[in-house]
2 protein chains.
Amino acid sequence: MKDHSNAIGLSTYEHILKEMEEKNLRITEQRKTIARWFADQSGFVTPRVVYEHMTQHHSGLSFDTVYRNLRTLVSLGILEQFERADGVKFRLHCDSHHAHHHHFICTSCESIFPLDFCPMDTKIRVPEHFFVSGHRFEVFGLCSDCMINT
Amino acid sequence: MKDHSNAIGLSTYEHILKEMEEKNLRITEQRKTIARWFADQSGFVTPRVVYEHMTQHHSGLSFDTVYRNLRTLVSLGILEQFERADGVKFRLHCDSHHAHHHHFICTSCESIFPLDFCPMDTKIRVPEHFFVSGHRFEVFGLCSDCMINT
DNA sequence: CTCATTGCAAAACCTTTGCATGCGC
DNA sequence: GCGCATGCAAAGGTTTTGCAATGAG
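Predicted model only: the values in this text are computed from it and were never measured.

About the thresholds
- Residue numbers restart at each chain and count upward from 1, following the sequence in its written direction.
- In the order they appear in the text, chains get letters beginning with A and ligands get numbers beginning with 1.
- In keeping with the model being predicted, local features are shown solely for residues with a pLDDT of at least 70 and side-chain atom pairs are shown and tallied solely at 80 or more, while totals for entire chains, interfaces and linings include all residues.
- Note: side-chain values were computed over all heavy atoms of the structure, leaving out hydrogens and water.
- Secondary structure is summarised from DSSP: a helix means a run of H or I of at least four residues, a strand means a run of E of at least two, and numbering begins at the N terminus for each.
- Two residues qualify as a contact provided that any one of their heavy atoms is within 4.5 Å of a heavy atom in the partner residue.
- For the purposes of this description, domain bounds are those given by an automatic or database domain assignment.
- What counts as buried area is the accessible surface, traced by a 1.4 Å probe, that two parts surrender upon association, with contributions from both included.
- Only one rule defines a salt bridge in this text: a Lys or Arg side-chain nitrogen within 4 Å of an Asp or Glu carboxyl oxygen.
- Pairing of N or O atoms within 3.5 Å defines a polar contact, subject to two protein rules: one partner must be a possible hydrogen donor and the other a possible acceptor, and residues neighboring in sequence count only if both atoms are side-chain atoms.
- Charged means Asp, Glu, Lys or Arg here, nonpolar means Ala, Val, Leu, Ile, Met, Phe, Trp, Tyr, Cys or Pro, and polar covers whatever is left, Gly included.
- For this description, a residue counts as near a given molecule or strand if any of its non-hydrogen atoms is within 4 Å of it.
- The criterion for an aromatic pair is that two Phe, Tyr or Trp rings (for Trp, the six-membered ring) have centres within 6.5 Å, with stacked assigned to planes under 30 degrees apart, edge-to-face to planes over 60 apart and tilted to the rest.
- In this scheme, a residue with accessible area under 20% of its type's maximum is buried, one over 50% is exposed, and one in between is partly exposed, where area comes from a 1.4 Å probe on protein chains only.
- Each ring is checked for a lysine NZ or an arginine CZ that lies within 6 Å of its centre and within 35 degrees of its normal; such an atom marks a charge sitting over the ring.
- Inter-axis angles, ranging from 0 to 180 degrees, are taken between N-to-C directions of lines fitted to C-alpha atoms, where helices are fitted over the stretch in contact.
- For classification purposes, angles smaller than 35 degrees are called roughly parallel, those larger than 145 roughly antiparallel, those between 65 and 115 roughly perpendicular, and all remaining angles oblique.
- Handedness of a helix crossing follows the sense of rotation of the near helix relative to the far helix, less than a right angle counterclockwise being left-handed and clockwise being right-handed.
- Copies are brought into register by a least-squares superposition over C-alpha atoms of residues with pLDDT of at least 70 in both.

Description of the overall build of chain A
Thinking step 1. A count of helical and extended segments in chain A gives five helices and five strands.
Thinking step 2. In chain A, the succession of α and β elements from N to C terminus is α-α-α-α-β-β-β-β-β-α.
Thinking step 3. Overall, chain A is about 55 × 40 × 35 Å in size when its C-alpha atoms are taken along their principal axes.
Thinking step 4. The long-range fraction of contacts in chain A, counting pairs at least 24 apart against all pairs at least 6 apart in sequence, stands at 46%.

A closer look at the domain arrangement of chain A
Frequently, the measure chosen for interface size is the accessible area removed from exposure when the parts meet.
Residues and elements named next belong to chain A.
Thinking step 1. For chain A, the domain assignment lists domain 1 (12-92) and domain 2 (102-148).
Thinking step 2. Measuring from the centre of the C-alpha atoms in domain 1 to the corresponding centre in domain 2 gives 25 Å.
Thinking step 3. Counting residues at the interface gives six residues for domain 1, matched by six residues for domain 2.
Thinking step 4. Buried surface at the junction of domain 1 and domain 2, both sides included, amounts to about 620 Å², of which 45% is carbon and sulfur.
Thinking step 5. Contact with domain 2 buries surface across domain 1, with Ser 42, Phe 44 and Arg 84 losing the most and accounting together for 56% of the total.
Thinking step 6. At the boundary of domain 1 with domain 2, the tally comes to two salt bridges.
Thinking step 7. Glu 110 serves as the salt-bridge partner of Lys 89, at 3.0 Å between the closest nitrogen and oxygen.
Thinking step 8. Summed over the shared surface of domain 1 and domain 2, the number is three residue pairs in polar contact (both at pLDDT 80 or more).
Thinking step 9. Partitioning the side of domain 1 that touches domain 2 into residue classes produces one nonpolar, two polar and three charged.

Section: the protein's contact with DNA strand C
Thinking step 1. Around DNA strand C, the surrounding shell holds 21 residues, and the nearest of these are A:Tyr67, B:Arg31, B:Gly60, B:Asp64 and B:Thr65.
Thinking step 2. Here a phosphate oxygen of DNA strand C sits 3.1 Å away from a polar atom, N or O, in the side chain of B:Thr28.
Thinking step 3. B:Gly60 is positioned such that a nitrogen or oxygen atom in its backbone is 2.8 Å from a phosphate oxygen of DNA strand C.
Thinking step 4. Of all the secondary-structure elements, those providing two or more residues to the surface near DNA strand C are helix H3 (47-54) and helix H4 (63-75) of chain A together with helix H2 (29-39) and helix H4 (63-75) of chain B.
Thinking step 5. A breakdown of the residues in the surface near DNA strand C according to their chemical character gives six nonpolar, six polar and nine charged.

Here we look at the protein's contact with DNA strand D
Thinking step 1. Near DNA strand D you find 21 residues, and of these A:Arg26, A:Gly60, A:Thr65, B:Arg48 and B:Tyr67 are the closest.
Thinking step 2. At a separation of 3.0 Å, a sugar or linking oxygen of DNA strand D approaches a polar side-chain atom of A:Gln30.
Thinking step 3. Contact distances for DNA strand D include 3.1 Å between a base nitrogen and a side-chain N or O atom of A:Arg68.
Thinking step 4. Those elements that place two or more of their residues in the surface near DNA strand D are helix H2 (29-39) and H4 of chain A together with helix H3 (47-54) and H4 of chain B.

Remarks on the packing of aromatic side chains
Thinking step 1. Applying the stated criterion to the full structure yields 15 aromatic pairs over all chains.
Thinking step 2. Each ring, one from A:Tyr51 and one from A:Phe63, has its centre 4.2 Å from the other, and the planes form 10 degrees; the classification is stacked. With A:Tyr51 in helix H3 and A:Phe63 in helix H4, the pair connects residues that are 12 residues apart, well separated along the chain.
Thinking step 3. For A:Phe63, a relative accessible area of 25% gives the class partly exposed.
Thinking step 4. Here the aromatic cluster, defined as three or more aromatic residues joined through ring pairs, consists of A:Phe117, A:Phe137, B:Phe117 and B:Phe137.
Thinking step 5. A cation over a ring is seen here: A:Arg84 above A:Phe44, with NZ or CZ 5.1 Å from the ring centre.

Description of the packing of helix H1 (residues 12-22) of chain A against H2(A)
Residues and elements named next belong to chain A.
Thinking step 1. Relative orientation of the contacting elements H1 and H2 amounts to 135 degrees, with a least axis distance of 8 Å. Taken together, the axes of H1 and H2 lie oblique to each other. In the crossing of H1 with H2, the sense of the turn from one axis to the other is right-handed. Taking contact as the criterion, the partners of Thr 12, Tyr 13, Ile 16, Leu 17 and Met 20 in H1 are, on H2, Arg 31, Lys 32, Ala 35, Arg 36 and Ala 39.
Thinking step 2. Considered class by class, the residues forming the contact of H1 with H2 number six nonpolar, one polar and three charged.

Focus on the relation of the copies chain A and chain B
For the pair of chain copies, the relating transformation is a rotation about an axis with a translation along it.
Thinking step 1. For the match of chain A to chain B, the screw axis carries a shift of 0.0 Å, the RMSD comes to 0.2 Å, and the turn is 179 degrees. Taken together, these values place the two copies in the relation of a two-fold axis. In terms of proximity to the rotation axis, the leading residue of chain A is A:Phe137, whose C-alpha is 2.2 Å off the axis.
Thinking step 2. Here 100% of the contact residues of chain A are again contact residues in chain B; the copies associate through an equivalent surface.

A few points about the interface of chain A and chain B
Thinking step 1. Chain A puts 33 residues into the contact, and the matching count from chain B is 33 residues.
Thinking step 2. For the chain A and chain B pair, buried surface summed over both sides reaches about 2900 Å², with 63% attributable to carbon and sulfur atoms.
Thinking step 3. When the buried area of chain A at its contact with chain B is split by residue, A:Phe117, A:Phe130 and A:Arg136 rank highest and sum to 21% of it.
Thinking step 4. Our enumeration of links across chain A and chain B arrives at four salt bridges.

Okay, structure coming up:
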């Protein structure tokens, strides 16, 4: 259970709906459920998990509806997509998406925490004459909660 | 075409076979072909590409043989597995696998180049009381060859 | 000869697509 | 009512599994 209001006083859930509206998406019951679900998650989730949750609220829900919505929400920048060893996963786009940053990822609960360190800010030697267009930096380990509960 | 002999004077191909032998794997024709193929690649390859190459040398080759061997070779540390946006890919394990290092990956030809920089060597601030067990750092861009040919 | 490895076939997934129906606006 | 979203069904692709046959050591 996590939900923090933002500057304008909207809950995360309301914020997502507002973004959908601004992008001219129709606010269907299914999308409300998706929004409510992601607003409440602190970690990554697979399409399967999303489906299993949603199916509790919408009998006869089809898998392609889940996939289509995940794709749509990613392309609108509302969700983020990650390629992990055990498959594709999704997560609410980081609140602080204005500032470039990286993540600490707990290997136990899969919660993620922003880092205020970027390796590219330091002197890094890249082979001569190479053009750098992007980078990826992730730190894995145990968050304080998981260190205690094991 | 790349193949550099190592300290003991073995070609990359011979080196792979030697590793297989040491791990008590049987040297089948199929595995020779796989070894020859990976010794000759500078980038990532998908299981499909491996299959398509091998099928030229072994009529009736089955896809599961490719998968089984890829898995085996990864678990023996001969190959490395990467999760990328367009699927799972494989590559010969870096020669310099004794020294910890990261990669520069060309987004055009997918060749990879070792970097002698590790962000964890610098002072990076991780949230208090977190235990760090691993990290991932990759730089993307264009290698000098691809910058010229475009 | 023995047992790891292969080929074959089938199954289990995951993801995408086309089309008629339904629902948000 | 119009048009986007959904449900349904089916297909395409990837990866895994069981089992009998084969070939390396």
